[in-house]
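Breakdown of the fold
Chain residues, written in single-letter form:
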Amino acid sequence: EENRPIVIDVWDWNAATQPDFIGTCSCTYADLSKAAEAKTSLVLQLLKETSKGTTKARGQIVIENISILRKYSFLDYVFGGL
């Protein structure tokens, strides 16, 4: 599960027109946890595929503060004997 990709799609929302797709980026849980342990920023490149089939850089997403919390479900409590 640590290497499963987390895909982030970024859209520009407009009230009068349809939202515009800006770009997409991806990372893994391992990337996020390494940045959280090192207390450093994680920089992700936003990319968008053009109509010609090439990929164009559209900007960056900088994740400065990362906290990973485990959210327990009801079944976790039941099976845990709590």
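These figures come from a predicted structure and were not determined experimentally. Sequence positions are assigned chain by chain, starting from 1 and proceeding in written order. Confidence filtering applies because this is a predicted model: local features only for residues at pLDDT of at least 70, side-chain atom pairs given and counted only at 80 or more, and all residues used for totals across whole chains, interfaces and linings. As a rule here, side-chain values cover all heavy atoms of the structure and leave hydrogens and water aside.

We now examine the overall build of the protein chain. What the protein chain contains, in helices and strands, is two helices and four strands. Strands are runs of DSSP state E lasting at least two residues, helices are runs of H or I lasting at least four, and both sets are numbered from the N terminus onward. Seen in sequence order, the protein chain has helices and strands lined up from the N terminus as β-β-α-β-β-α. To get the radius of gyration, use the C-alpha atoms; to get the globule rule, take the number of residues to the power 0.38 and multiply by 2.2 Å. Its C-alpha radius of gyration of 18 Å places the protein chain more than 25% over the 12 Å reference for a compact globule of 82 residues. Taken along its principal axes, the extent of the C-alpha atoms in the protein chain is 55 × 35 × 25 Å. Counting every position in the protein chain, which comprises 82 residues, the buried fraction comes to 16%. Any two residues whose heavy atoms approach within 4.5 Å are treated as being in contact. Across the protein chain, contacts joining residues at least 24 apart in sequence account for 28% of those joining residues at least 6 apart. In short, Shrake-Rupley with a 1.4 Å probe defines the accessible areas, and a residue's cover is counted only from the protein chains shown. Accessible surface computed for the protein chain: about 6900 Å², of which carbon and sulfur atoms make up 53%. The convention is simple: Lys and Arg are positive, Asp and Glu are negative, and His and the chain ends are not counted. Where a charge lies is defined by one atom per residue type, namely NZ (Lys), CZ (Arg), CG (Asp) and CD (Glu). The centroid of the 9 positive side-chain charges in the protein chain is displaced by 3 Å from the centroid of its 10 negative side-chain charges. Buried, partly exposed and exposed residues are distinguished by accessible area as a fraction of the type maximum, computed with a 1.4 Å probe on protein chains only: under 20%, between the cut-offs, and over 50%, respectively.

For patches, a residue must show more than 30% relative accessible area and have no salt bridge; joins then use 9 Å for like charges and 5 Å for nonpolar side chains, namely Val, Leu, Ile, Met, Phe, Trp and Tyr. We define a salt bridge as a side-chain nitrogen of Lys or Arg found within 4 Å of a carboxyl oxygen belonging to Asp or Glu. On the surface, a cluster of nonpolar side chains totalling about 500 Å² of accessible area is made up of F74, L75, V78 and F79. Mapping F74 onto the fold places it in helix α2 (residues 74-80). Judged by relative accessible area, which is 65%, F74 ranks as exposed.

Side-chain rings of Phe, Tyr and Trp, where Trp is taken by its six-membered ring, are said to pair if the distance between their centres is within 6.5 Å; with planes under 30 degrees apart they count as stacked, over 60 as edge-to-face, and otherwise as tilted. One pass over the full model with this rule turns up two aromatic pairs. Here W11 and F21 contribute two aromatic rings whose centre-to-centre distance is 5.0 Å and whose plane-to-plane angle is 65 degrees, an arrangement assigned as edge-to-face. Separated by 10 residues along the polypeptide, W11 in strand β1 (residues 5-12) and F21 in strand β2 (residues 20-28) bring together distant segments of the chain. Geometrically, the ring pair formed by Y72 and Y77 is tilted, given 6.1 Å between the ring centres and 50 degrees between the ring planes. With a relative accessible area of 49%, Y72 lands in the partly exposed category. Of the residues examined, Y77 reaches a relative accessible area of 41% and is grouped as partly exposed.

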